[in-house]
Amino acid sequence: VILVGVDDPTLSEAIAFAKGNPKVHLATDGMTGVGQLNLVVEHLGADRLLFGSGAIARNALSSALAVVRAAGFDDTTRGHIFANNAKRLLASGGAA
């Protein structure tokens, strides 16, 4: 399961839900601040966060990329968020 559209008002609830459900992941599409991304990585780990932009609906690709890049993550963490987590989930046939 990948929760999309998680934003500031729903972030705490989404993290709490995901903590109790290891097959639940969060997408970055609703997160507009680096603090939100850092909170997810702190509580769930980088392997539970996937890049999402909402670009088709919101024309937000450049700003979504900028938030993840500005979060101060190392290359490994950014790699997980931008690609590796999605590859892992697709290879496993679902949220593993």
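What counts, and at which threshold
- Residues numbered from 1 in each chain as written.
- Predicted model: local features only at pLDDT ≥ 70, side-chain atom pairs only at ≥ 80, totals over all residues.
- Heavy atoms only, no water.
- Salt bridge = Lys/Arg side-chain N within 4 Å of Asp/Glu carboxyl O.
- Helix = DSSP H or I, 4+ residues; strand = E, 2+ residues; numbered from the N terminus.
- Buried < 20%, exposed > 50% of the residue type's maximum accessible area, 1.4 Å probe, protein only.
- Polar contact = N/O pair within 3.5 Å; in protein donor to acceptor, adjacent residues only side chain to side chain.

*Asks:* Outline the pattern of salt bridges, listing residues and values.
*Replies:* The full count for this structure, using the stated rule, is 1 salt bridge. The partner of arginine 78 in a salt bridge is aspartate 75, and the shortest N-O contact between them spans 2.2 Å. Taken together, the residues arginine 78 and aspartate 75, both in helix α5 (residues 75-92) and 3 residues apart, mark about one turn of the helix. Classification of arginine 78 by relative accessible area gives partly exposed; the value is 22%. Residue aspartate 75 is classed as exposed on the basis of its relative accessible area of 60%.

*Asks:* Let's hear about the side chain of aspartate 29: which residues, and what values?
*Replies:* By secondary structure assignment, the location of aspartate 29 is in the loop between β2 (25-27) and α2 (34-44). A polar atom in the side chain of aspartate 29 sits 3.0 Å from the backbone nitrogen of glycine 5.

Bear in mind that shape data such as this cannot, by itself, settle questions of function.
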